[in-house]
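Reading the structure
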Amino acid sequence: MSTRTLLSPAALARPRGRAVYWTVFTGVVVLFAVAFLFPVYWMVTGAMKSPDEVAQTPPTIIPKHWHLSGYTDAWDLMQLPQHLWNTVVQAAGAWAFQLVLCTAAAYALSKLKPAFGKLILGGILATLMVPAQALVVPKYLTVADLPLIHTSLLNDPLGIWLPAVANAFNLYLLKRFFDQLPRDVMEAAEIDGAGKLRILWSIVLPMSRPVLGVVSIFALVAVWQDFLWPLMVFSDTDRQPISVALVQLSQNIQLTVLIAAMVIASIPMVAMFLVFQRHIIAGISAGSTKG
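Let us look at the structure shown here. (Residues numbered from 1 in each chain as written. Predicted model: local features only at pLDDT ≥ 70, side-chain atom pairs only at ≥ 80, totals over all residues. Heavy atoms only, no water.)

Structural notes on the pattern of salt bridges
According to the stated counting rule, one finds four salt bridges in the structure shown. A salt bridge links Arg183 to Glu187; its shortest N-O distance comes to 3.7 Å. Within this pair, Arg183 and its partner Glu187 are both found in helix H10 (residues 183–191), separated by four residues, close to a single helical turn. Between Asp236 and Arg239 there is a salt bridge; the shortest N-O distance is 3.8 Å. Given the relative accessible area of 40%, Arg239 is considered partly exposed. (Salt bridge = Lys/Arg side-chain N within 4 Å of Asp/Glu carboxyl O. Helix = DSSP H or I, 4+ residues; strand = E, 2+ residues; numbered from the N terminus. Buried < 20%, exposed > 50% of the residue type's maximum accessible area, 1.4 Å probe, protein only.)

Structural data, given as structure tokens:
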């Protein structure tokens, strides 16, 4: 089946048609690249300007004098190593809890077929319809006085880890992927005597690396960029993640230093995306085809 495009193959075969096509294509690519990359360039170079030049009107595209002191001052004055480490601990714990429990729940709903499984899945998906802001107060009251054991998780990484487990979107993403795994492979493993946990560990998880990579990225980014919930959980400044610390410590800080701190805080997520972009794209496309 032939695909219809704006220009016919005959028009593209002519020199003028090819010239028009590549001119428009190049212009669109450059326009989108500038639209996405210019804010990043503005932030990186803004930290290298002097405070007066940053506030200057009209603004300068290229710094008149390049200053790296903004980055060194941000690293020291805003205690970035400590707050970055706090963020790493909180994100890593939330990722581990979420990956283990969401994978187990998705596997149970997809392959073990429990009683009332569809009803349970419907209830989980219904939580996606509830605005996140509406759940902040119930979550806070639960974390402040944990039911049954009556202990507080405030100023504790568990206050971030445990609520992160209840991620309906990632659970549904994993379940849909498990539904598409070839049934005959698991039936062959059952004939060989493999139990349910053995099938999960030796067959399902190795085949699910693409979607596990996507869920991992979603889990890490969600915790890394979250602001409201960590602000409520951590009243102790020394335990706050970078997203909260940037706001709390921005008083009486020069604008260039604050911009430099934002640049440093964004580097880990940008680096992680650049390293794992193939896995992200493979995981997203994997859910659209049946195995």
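Thoughts on the side chain of Thr45
With respect to the element layout, Thr45 can be found in helix H2 (residues 15–46). Residue classification places Thr45 among the buried positions, given a relative accessible area of 5%.

Some points on the nonpolar core
Among the nonpolar cores identified, the biggest contains 34 residues, and Tyr71, Met78, Leu80, Ile160, Ile242 and Leu246 are the most heavily contacted of them. Ranked by residues supplied to this core, first place goes to helix H15 (residues 255–286) with ten residues. Those residues in contact with Ile242 that sit more than four places away from it in its chain are Leu80, His83, Leu84, Thr87, Trp224 and Ala265. Within the second largest apolar cluster, 20 residues are counted, among which are Ala106, Leu174, Ile199 and Val215. (Core = buried A, V, L, I, M, F, W, Y, C linked by side-chain atoms within 4.5 Å. Contact = heavy atoms within 4.5 Å.)

Considerations on the packing of helix H9 (residues 168–179) against helix H12 (residues 209–225)
Following both chains from N to C, one finds H9 and H12 inclined at 175°, their axes separated by 10 Å at the closest point. Here H9 is positioned roughly antiparallel relative to H12, judged by the angle of their axes. Contacts from Phe169, Asn170, Leu173, Leu174 and Phe177 in H9 reach Val211, Leu212, Val214, Val215, Phe218 and Ala219 in H12. Here the residues of the contact of H9 with H12 are counted per class, giving ten nonpolar, one polar and no charged. (Axes fitted to C-alpha atoms, helices over the stretch in contact; angles between N-to-C directions. Parallel < 35°, antiparallel > 145°, perpendicular 65-115°, else oblique. Nonpolar A, V, L, I, M, F, W, Y, C, P; charged D, E, K, R; others polar.)

Remarks on helix H4 (residues 69–77)
All of the buried residues in H4 are Gly70, Tyr71 and Ala74. Down the axis of H4, the buried side of the element spans an arc of 100°, and every buried residue falls inside it. Exposed residues on H4 whose side chains face more than 90 degrees from its buried face are Asp76 and Leu77. Of the residues flanking the end of H4, it is Gln79, one or two places downstream, whose phi is positive at about 55°. (Arc of directions from axis to C-beta.)

So, the packing of aromatic side chains
Counted according to the given criterion, the structure contains six aromatic pairs. Seen from their ring centres, Phe38 and Tyr41 are 6.2 Å apart, and the 35° between their planes marks the pair as tilted. Linking Phe38 with Tyr41, this pair stays in helix H2, spanning three residues, or about one helical turn. Given the relative accessible area of 34%, Phe38 is considered partly exposed. Seen from their ring centres, Phe169 and Phe218 are 6.0 Å apart, and the 45° between their planes marks the pair as tilted. Of this pair, Phe169 sits in helix H9 while Phe218 sits in helix H12, and the two are 49 residues apart along the sequence. Note on Phe218: relative accessible area 34%, which makes it partly exposed. Put simply, the rings of Phe38, Tyr41 and Trp42 pair up and form one aromatic cluster. Sitting over the ring of Trp42, Lys49 keeps its end group 4.3 Å from the ring centre. A cation over a ring is seen here: Lys139 above Trp229, with NZ or CZ 4.5 Å from the ring centre. (Phe/Tyr/Trp six-rings, centres within 6.5 Å; stacked < 30°, edge-to-face > 60°. Lys NZ or Arg CZ within 6 Å of the ring centre and 35° of its normal.)

Describing the packing of helix H11 (residues 196–207) against H12
Between H11 and H12, whose axes approach to 5 Å, the crossing angle comes to 70°. Considering the angle they form, H11 stands roughly perpendicular to H12. On H12, the residues that touch Leu205, Pro206 and Met207 of H11 are Arg209, Pro210 and Leu212. When its residues are assigned to classes, the contact of H11 with H12 shows five nonpolar, no polar and one charged.

Focus on unusual backbone geometry
Here Thr57 and Pro58 are connected by a cis peptide whose omega angle stands at -5°. Tracing the sequence through the fold places Pro58 in the loop between helix H3 (51–54) and H4. Although it is not a glycine, Lys113 sits at a positive phi angle of roughly 50°. Mapping Lys113 onto the fold places it in the loop between helix H5 (80–112) and helix H6 (117–126).

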